[in-house]
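Coordinate analysis (summary)
Each chain, written out:
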Amino acid sequence: MVACWQCAQGMVFILSFGFIDKIVGTWVVFEGIPLWLEIPILILLCIFLYIFVIMKLVRRFWQFPAPAFIGRGLNSTHRKRIQPPSMIVKGLRLETGMSVVEIGCGPRTFTIDVARAIAPKGTVYAVDIQEEMLEQLRNNIQKMGIENIVPIMADAGGRIPLDDGLADAAFSVTVLPEIPDRVGALREIHRVLKRGGLYADAEFVIDPDWPLRRTVKKWASAADFQYSHELGHAFRYVLVFQKT
Ligand SMILES: C[S@@+](CC[C@H](N)C(=O)[O-])C[C@H]1O[C@@H](n2cnc3c(N)ncnc32)[C@H](O)[C@@H]1O
């Protein structure tokens with residue numbers, strides 16, 4: 001652990017001061033970019049790496065829900081360009097009239113697109129552990145006049161207050177690793193799904209909690225899910241599982 005930390009620090013130090021050329025004899029990081037531009041880019045990259053490594057370490061020992069004040073950032077257009085809600089709609093093969101459970105809905109980022117995809121008769125049950133996040137969701141759905149979203153305050157790591165086999169599909173985006181008992185939460189999702197129902201988990205590398213695909217597959221398999229298909233790539237993926 002200490003060695004990893006020191007390696008990361010060493011790497012950041014080397015990159016920050018542009019010593020990479022002394023090591024490999026040439027500017028390999030951003031070939032073709034002038035030095036005056038390369039140095040600020042490297043410094044920014046290093047600041048990002050520093051924050052990322054520190055956050056990763058903190059999150060490893062201290063798990064807590066993402067604070068509600070980041071709601072605005074979660075819902076930004078830039079983020080939606082990188083992690084488009086259409087990936088969930090496509091991955092879950094959503095159709096009008098379906099019942100969908102979202103775990104850790106946050107302010108609305110994916111909830112509204114999913115609600116539109118299953119409207120007018122389908123319903124999204126939007127579950128979150130934080131009242132402040134649900135408050136943002138309620139404000140957003142009220143402003144947009146959307147009627148097929150039911151906000152539910154619950155801890156997905158405990159019991160979701162929904163009947164067995166109620167949902168045609170379920171999903172979570174950058175939520176699972178925040179839940180200390182991930183397999184327990186996946187078992188709850190499994191319970192509320194109909195037989196044959198799909199569950200999608202989406203993750204993105206920029207999240208300090210980002211897990212490898214094989215880790216999510218291991219959690220899902222421990223909760224009796226069967227791997228179905230996936231979208232995206234290793235750093236920004238949607239993994240889809242089925243309740244068989
Ligand atoms: C990083 S945010 C992601 C929000 C939204 N899915 C998105 O991608 O924009 C994680 C969300 O999961 C919620 N969350 C964390 N732990 C939870 C739990 N045990 N049960 C339900 N929701 C949880 C947090 O309150 C937060 O809204």
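Anyway, here's the lowdown on the structure attached to this text. (Residues numbered from 1 in each chain as written. Predicted model: local features only at pLDDT ≥ 70, side-chain atom pairs only at ≥ 80, totals over all residues.)

1. Focus: the site of the ligand
The criterion, for reference: Throughout this description, a residue near a molecule or strand is one whose C-beta atom, derived from the backbone, lies within 6 Å of it. All residues other than Ala, Val, Leu, Ile, Met, Phe, Trp, Tyr, Cys, Pro, Asp, Glu, Lys and Arg, Gly among them, are scored as polar; the first ten of these are nonpolar and the last four charged.
Surveying the vicinity of the ligand reveals 21 residues, the closest of which are P65, G104, G106, T109 and A156. For the shell around the ligand, the class distribution of residues is twelve nonpolar, six polar and three charged.

2. Side note on the sheet that holds strand β7 (residues 236-243)
Test applied: If DSSP finds at least two bridges between two strands, the strands pair. Helical segments are the DSSP runs of H or I of at least four residues, strand segments are the runs of E of at least two, and each set is numbered from the N terminus. The convention used is that axes are lines fitted to C-alpha atoms, helices contributing only their stretch in contact, and that angles between N-to-C directions extend from 0 to 180 degrees. Throughout, a residue-residue contact means that the two C-beta atoms, derived from backbone geometry, are no farther apart than 7 Å.
Strand order in this open sheet of seven strands is β3-β2-β1-β4-β5-β7-β6, and the pairing throughout is mixed. Of all strands in the sheet, those bounded by a partner on one side alone are β3 (149-153) and β6 (225-233). Between one strand axis and the next, the sheet turns through 20 degrees on average, direction left out of account. Pairing analysis gives six bridges linking strand β4 (residues 167-173) to strand β5 (residues 193-204), with the strands arranged parallel. Within the sheet, the bridge partner assigned to A167 lies in β5 and is L193. The strands touched by helix α8 (residues 131-144) within the sheet are β2 (123-128) and β3, with β3 carrying the most contacts at an inclination of about 165 degrees.

3. So, the pairing of β2
The line we're drawing: To sort residues by exposure, count the other C-beta atoms lying within 10 Å of each residue's C-beta; 20 or more gives buried, 12 or fewer gives exposed, and values between give partly exposed, all with C-beta atoms placed from the backbone. Note on handedness: a clockwise path from strand one over the helix to strand two, with the strands aimed away from the viewer, defines a right-handed crossover.
The buried count for β2 comes to five of six residues, which makes it a mostly enclosed element. With helix α7 (residues 111-118) bridging strand β1 (residues 99-103) and its parallel neighbour β2, the resulting β-α-β unit is right-handed. Bridge count between β2 and β3: five bridges; the pairing is parallel. Paired with D128 across the two strands is M153, which belongs to β3. On the question of chirality, the crossover connecting β2 to the parallel β3 by way of α8 is right-handed.

4. Observations concerning the nonpolar core
Spelled out, the test is: What we call a nonpolar core is a set of buried Ala, Val, Leu, Ile, Met, Phe, Trp, Tyr and Cys residues whose membership is set by joining through C-beta atoms within 7 Å.
Ranked by size, the top nonpolar core spans 53 residues in total, and within it I88, V100, V101, V114, A170 and A200 carry the most contacts. Contact partners of A170, with chain neighbours within four places excluded, come to V100, V101, I103, I189, V192, L193 and Y199.

5. What to know about helix α9 (residues 182-192)
Inclusion rule: Here the arc refers to the directions that run from the helix axis out to each C-beta atom.
Of all the positions in α9, only R182, A185, L186, E188, I189 and V192 are classed as buried. Buried residues of α9, seen end-on, are gathered within an arc of 155 degrees and therefore sit on one face of the element. At its buried positions, α9 is contacted by β1, β4, β5, α10 (213-222) and β6.

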